[in-house]
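Listed below are the residues making up each chain.
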Amino acid sequence: MMEIPFKRPQLEDRQEILSFLDGQKYRGCERTFANIYLWARFYDLKWARVEDTLVFRMNADGRYSYTYPAGDGDRKAAVEQIMQECREAGCPVRIHGMSKEEYEELEQYFPGMFSVEWPRDVEDYVYETEKLICLSGKKYHGKKNHINQFKAAHPDWSYETLSDDNVEECFQMALRWREFNGCEGDPEKNKEMCVALNSLRLHKELELRGGVLRAGGEVIAFTLGEPVSEDTFVVHIEKAYADVRGAYPMINQQFLEHEVSGYPYVNREDDTGDEGLRQAKLSYHPVFMVEKGTAVLRGENI
């Protein structure tokens, strides 16, 4: 029986994994090491070198789902190994998170063998960084107003880069945020908060950039992210107290201004199909979306 030697990502795997991902043109939020590492336990996510490419596999109730092989190795042969593993495991061949270019290559290698869907709920929102910093023009008038109201209500506000000096305060703020938002009774919210807390705990090891917003001397918001490509930065975590008006647009604007201005684009991830989150992300006027295809062998269910 042929079994690909998949293993759970560890911190010491960072450089090897990034050696395949560095230089990529794909801007999807899941192609960053911190995202891979922090979510691995929740999705049974593992990685392997296959034909000198990088492949990730998730396991949902015995049904495997793979990423398209990354890197300069033999991607066709890597997909053939994936197909063989699925045949022996008795599960459908499923490749998720694909770019249009990756699907076109898959179609060249295996003409007519795969069908693809492009789910709207998993598309990432990408914005022009400069526009979210300046918030100029009529379409950003509401965001600018919220920020001005925040500054008027909190004249002693301050912004700081995340560091050893303030990370523990952010951790305590996150614990209070979790309590205020009823995360304990919501499995999805609880997963997200576990990831947020681990992002803070491991921010140096994962080489995450972070920003902290204070009002009245207290931490009221924080955010963390990392680059996904040479021109795009991904914001993974953003938490603010909902009852502090303008805190979310303020931490967003300040973080981009101080930490992300060197990247033309910022990816603020998907909306998970939540209508409120969708409207909030659309209100910042994305310049484009990152589509993510799911391909399966024809005749098999996604």
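Rules behind the numbers
Residues numbered from 1 in each chain as written. Predicted model: local features only at pLDDT ≥ 70, side-chain atom pairs only at ≥ 80, totals over all residues. Heavy atoms only, no water. Helix = DSSP H or I, 4+ residues; strand = E, 2+ residues; numbered from the N terminus. Buried < 20%, exposed > 50% of the residue type's maximum accessible area, 1.4 Å probe, protein only. Contact = heavy atoms within 4.5 Å. Lys, Arg positive; Asp, Glu negative; His and termini not counted. Charge placed at Lys NZ, Arg CZ, Asp CG, Glu CD. Pairing = 2+ DSSP bridges. Phe/Tyr/Trp six-rings, centres within 6.5 Å; stacked < 30°, edge-to-face > 60°. Lys NZ or Arg CZ within 6 Å of the ring centre and 35° of its normal. Core = buried A, V, L, I, M, F, W, Y, C linked by side-chain atoms within 4.5 Å. Axes fitted to C-alpha atoms, helices over the stretch in contact; angles between N-to-C directions.

Participant: I tried to follow the overall build of the protein chain on my own but got confused; where do I start?
Facilitator: Counting its secondary structure elements, the protein chain contains 10 helices and 13 strands. Projected onto the principal axes, the alpha-carbon positions of the protein chain cover approximately 65 × 40 × 35 Å. Within the protein chain, buried positions represent 49% of all 302 residues. Considering only contacts in the protein chain between residues 6 or more positions apart, those separated by 24 or more positions represent 70%. Both charge centroids of the protein chain, one from 38 positive and one from 54 negative side chains, sit 3 Å from each other.

Participant: How should I be thinking about the pairing of strand β1 (residues 46–50) in this particular structure?
Facilitator: If a strand is regular, its side chains alternate between the two faces of the sheet. Pairing between β1 and strand β2 (residues 53–60): five bridges, direction antiparallel. Along β2, the bridge assignment pairs W47 with F56. Adjacent in sequence and paired antiparallel, β1 and β2 are bridged by two residues, among which E51 carries a positive phi angle near 55°.

Participant: What's the story with helix α2 (residues 33–43) in this structure? I'm lost.
Facilitator: Residues lying three or four places apart along an α-helix face the same way, a consequence of the helix completing one turn every 3.6 residues. All buried positions along α2 are accounted for by F33, A34, N35, I36, L38 and A40. Contact partners of the buried residues in α2: α1 (14–21), β2, α8 (187–201), β9 (218–229) and β10 (232–240). Once α2 finishes, D44 follows within two positions and takes phi at roughly 45°, a positive value.

Participant: Please clarify how the packing of aromatic side chains should be interpreted in this entry.
Facilitator: Two aromatic rings, taken as a pair, are described by how far apart their centres are and by the angle between their planes. Counting across every chain of the model gives 13 aromatic pairs. Relative to Y66, the ring of F6 lies with its centre 6.1 Å away and its plane at 55°, an arrangement referred to as tilted. Here F6 is found in the segment before α1, whereas its partner Y66 is found in strand β3 (residues 63–67), with 60 residues between them in sequence. Taken individually, F6 and Y66 each receive the classification buried, so the pair is uniform in this respect. Arranged with centres 6.0 Å apart and planes meeting at 20°, the rings of F33 and Y37 form a pair that is stacked. Here F33 and its partner Y37 are both found in helix α2, four residues apart, which amounts to about one turn of the helix. Ring-pair connections join several aromatic residues into one group, and the members of that group are F6, Y64 and Y66. One cation-aromatic arrangement involves K100 over W118; the distance from NZ or CZ to the ring centre is 5.0 Å. Here R268 stacks its cationic end above the ring of Y284, 5.9 Å away from the centre of that ring.

Participant: Whenever I open this one, the nonpolar core confuses me. Can you help?
Facilitator: A general feature of soluble globular proteins is that nonpolar side chains tend to end up buried together. Counting 61 residues, the largest nonpolar core has I17, L54, L200, I220 and F222 as its most contacted members. Looking at which element gives the most residues to this core, the answer is helix α9 (residues 247–260), with six residues. Once you skip the residues sitting within four places of it in the chain, L54 turns out to touch I17, F20, L21, W47, A48, Y68, P69 and A70.

Participant: Got a minute to help me understand the pairing of strand β13 (residues 293–297) in this structure?
Facilitator: Burial of β13 is extensive: five of the five residues sit out of reach of the surface. Judged by which residues are buried, β13 turns out to be covered on both faces: G293, A295 and L297 on one side and T294 and V296 on the other are all buried. With three bridges joining them, strand β4 (residues 94–98) and β13 adopt antiparallel strand pairing. When the sheet's bridge partners are listed, M98 is paired in β13 with G293. In the sheet, strand β5 (residues 114–117) pairs with β13 via four bridges, with the strands oriented antiparallel. Residue V116 lies in a different strand from β13, and its bridge partner there is A295.

Participant: Just checking my understanding: could you explain the sheet that holds strand β12 (residues 288–290) for this structure?
Facilitator: Pairing between sheet strands relies on hydrogen bonds along the backbone, with the strands arranged either parallel or antiparallel. The strand order across the open sheet built from seven strands is β7-β8-β9-β10-β11-β6-β12, with neighbouring strands paired in mixed fashion. Every interior strand has two partners, whereas the edge strands, β7 (158–161) and β12, have only one. Taking the axes of each pair of neighbouring strands and ignoring which way they run, one obtains an average angle of 30° across the sheet. Here β9 runs beside β10; their pairing, made up of eight bridges, is antiparallel. Following the sheet pairing, S229 is matched in β10 by T232.

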